[in-house]
Amino acid sequence: MATPKWIAIQNNTFLKWVNAELREDNLDQVTDLQSSFKTGVNLIKLLEHCIEKKCPGRWKNAPKGKLQEIDNLNTAFKFMADNDVKLINIAATDVHDGNLKLILGMIWTLISTFSIVAKLSKLGSEKKSAKQLLLQWVNSKTQPEKTVENFKQDWNDGSALLLLTNAVGNDVYGDSWEPISSGGSVAETMQQCMTAADEKLVVSAVITVEDLMNPECDEHSVMTYVAIFCDAHKPKPKSAAVQASEAVAALNLGAGNAADADAAAKAKADADAKEKADADAADAKAKAEADAKAKAEAEA
């Protein structure tokens, strides 16, 4: 029996969301949701990132056998319960057995709890659902041009995404934001928005243009992507070492000029040396300050 389209879209979207979250802490990426949480290790690491504190329970980073894997998962479930993550009709054994529908429900609970409610509940004193909160926030960006009423068909034609991207872009960059126009096809306009959001606003494209245009796309997938706009910001400047490394790659990929490649490699080495020297200087300064403080306390 073929997997319903909405499940396939949600699976792909949630997998990209999980990896975007793990990437923020430089953690290993997961390959699929059905099996990657089986040992409990990846789930605990994801929870520590979302909850922003270490899991207090005892768990094994390299569990041996089913019993230790289930123990890890039980620790993860207790960690969620202790931090007001309310799961319904799912147990550690369901995750271990790879029940995809229930795992998707668990991931959605994390998304709605930490990416939406925790960030938007400050908008008002009245208690609202994740959907209500996100709709309220979106409409604060898209009105009066468009009132968004749902996270289904209102996003299929690209108009809501265009308004949201330009509004958030203006919030982040002010007058220097270059508005995206709707001159091309719906797919082209949506791709422009997603590319600009990814590159300029650090909004990961956890959903594809094709899926967002698909009438079968479920609202949880759309909400997952839209919620990332709440954290939009300018990209961090690349370090000198990264820029030099990119220059080396570009030159080696390009004309194959050995002299240019050597020059770029030297620039990278110089940048690496400068970055290390700066780090060493910062460490030395911190140590000197600590020594001075300790000496002052001893004399007192």
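Look a little higher up for the structure.
Within every chain, residues take consecutive numbers counted from 1 along the sequence as written. The predicted origin of the model limits local features to residues at a pLDDT of at least 70 and limits the giving and counting of side-chain atom pairs to 80 or more, whereas totals for whole chains, interfaces and linings rest on all residues. By convention in this description, side-chain values take in all heavy atoms of the structure and omit both hydrogens and water.

*Asks:* I would appreciate a short explanation of helix α1 (residues 5-24) in the present structure.
*Replies:* A turn of α-helix holds 3.6 residues, and therefore any two residues three or four places apart point the same way. For helices the rule is a DSSP run of H or I covering at least 4 residues; for strands it is a run of E covering at least 2, with both sets numbered from the N terminus onward. A helix's residues, less one, multiplied by 1.5 Å, set its expected span. Compared with an ideal rise of 1.5 Å per residue, which puts 20 residues at 28 Å, α1 spans 29 Å between its outermost C-alpha atoms and is within 8% of the ideal. Under the scheme applied here, a residue whose accessible area is under 20% of the maximum for its type counts as buried, over 50% as exposed, and between as partly exposed, the area being computed with a 1.4 Å probe on protein chains only. Every buried residue of α1 is accounted for by I7, I9, Q10, T13, F14, L15, W17, V18, N19, A20, E21 and L22. By definition, residues are in contact when any of their heavy atoms lie within 4.5 Å. On its buried side, α1 packs onto α2 (41-51), α5 (100-120), α9 (209-213) and α10 (219-228).

*Asks:* I keep staring at the packing of aromatic side chains and nothing clicks. Help me out?
*Replies:* Under the pairing criterion, centres of Phe, Tyr and Trp rings, with the six-membered ring standing for Trp, must be within 6.5 Å; the plane angle then separates stacked pairs below 30 degrees from edge-to-face pairs above 60, leaving the rest tilted. Considering all chains together, one arrives at four aromatic pairs under this definition. On the numbers, 6.4 Å between centres and 10° between planes, the contact of F14 with W108 is stacked. Here F14, found in helix α1, pairs with W108, found in helix α5; they are 94 residues apart in sequence, far enough to count as distant. Geometrically, the ring pair formed by Y225 and F229 is edge-to-face, given 5.4 Å between the ring centres and 80° between the ring planes. We classify Y225 as buried; its relative accessible area is 1%. Across from the ring centre of W177, 5.6 Å away, lies the NZ or CZ of K200, which sits over that ring. Look at NZ for Lys and CZ for Arg. If either is within 6 Å of the ring centre and within 35 degrees of the ring normal, a charge sits over the ring.

*Asks:* In this structure, what is going on with the layout of surface pockets? I would like to understand it.
*Replies:* The probe, sized like a water molecule, is rolled over the atoms to show the empty space still left. Reported here for the largest pocket is a volume of approximately 840 Å³. The rule is simple: put a 1 Å grid over the protein atoms alone, call a set of points where a 1.4 Å probe fits but cannot get out a cavity, call an open set with protein on both sides within 12 Å along at least five of seven lines a pocket, and count a residue as lining if it has an atom within 4 Å of a point. If you trace the largest pocket, you find 22 residues lining it, with A20, E24, V202, S204 and H233 closest to the centre. Elements with a minimum of two residues in the lining of the largest pocket: α1, α2, α5, α8 (186-201) and α10. In terms of residue count, the dominant contributor to the lining of the largest pocket is α1 (five residues). Classification convention: Asp, Glu, Lys, Arg as charged; Ala, Val, Leu, Ile, Met, Phe, Trp, Tyr, Cys, Pro as nonpolar; all other residues, Gly among them, as polar. Along the lines of polarity and charge, the residues of the lining of the largest pocket split into nine nonpolar, four polar and nine charged. Grid points are joined across faces, edges and corners, and a volume is the space filled by probe spheres set on the points.

*Asks:* Got a minute to help me understand the side chain of T13 in this structure?
*Replies:* Among the secondary structure elements, T13 is positioned in helix α1. Residue classification places T13 among the buried residues on the basis of a relative accessible area of 0%. Within the structure, the side chain of T13 is placed 2.9 Å from the backbone oxygen of I9, a separation counted as a polar contact. Excluding residues that lie within four positions of it along the chain, T13 makes contacts with V206, I207, S221 and T224. Counting of polar contacts relies on pairs of N or O atoms within 3.5 Å, with two restrictions inside protein: one atom must be capable of donating a hydrogen and the other of accepting it, and residues adjacent in sequence are counted only when both atoms are side-chain atoms.

*Asks:* I'm lost on the packing of α2 against helix α3 (residues 65-82) in this one. Help?
*Replies:* When two helices pack together, their arrangement is given by the angle between their axes and by how far apart the axes lie. Axes here refer to lines fitted to C-alpha atoms; in helices the fit is confined to the stretch in contact. Angles between the N-to-C directions go from 0 to 180 degrees. Viewed as axis vectors pointing N to C, α2 and α3 meet at an angle of 20°, and their least axial separation amounts to 9 Å. The pairing of α2 with α3 is recorded here as roughly parallel in orientation. Of the two elements, α2 crosses α3, and the hand of that crossing is left-handed. Residue-level contacts link V41, L43, I44, L47, E48 and I51 of α2 to N72, L73, A76, F77, F79 and M80 of α3. Its residues assigned to classes, the contact of α2 with α3 comprises ten nonpolar, one polar and one charged. Orientation categories follow fixed angle ranges, with anything under 35 degrees roughly parallel, anything over 145 roughly antiparallel, 65 to 115 roughly perpendicular, and all other angles oblique. A clockwise turn of the near helix away from the far one marks a right-handed crossing, whereas an anticlockwise turn of less than a right angle marks a left-handed crossing.

*Asks:* Honestly, the pattern of salt bridges in this entry has me stumped. Any pointers?
*Replies:* Two side chains carrying opposite charge are able to pair once their charged atoms lie near each other. We define a salt bridge as a side-chain nitrogen of Lys or Arg found within 4 Å of a carboxyl oxygen belonging to Asp or Glu. Applying the stated criterion across every chain, the model contains five salt bridges. The partner of D82 in a salt bridge is K78, with the nearest N and O atoms 2.8 Å apart. One end of the pair is D82 and the other is K78, both in helix α3 and four residues apart, which spans about a single turn. A residue is classified by how much of its surface remains accessible, and K78, at 53% relative accessible area, is exposed.

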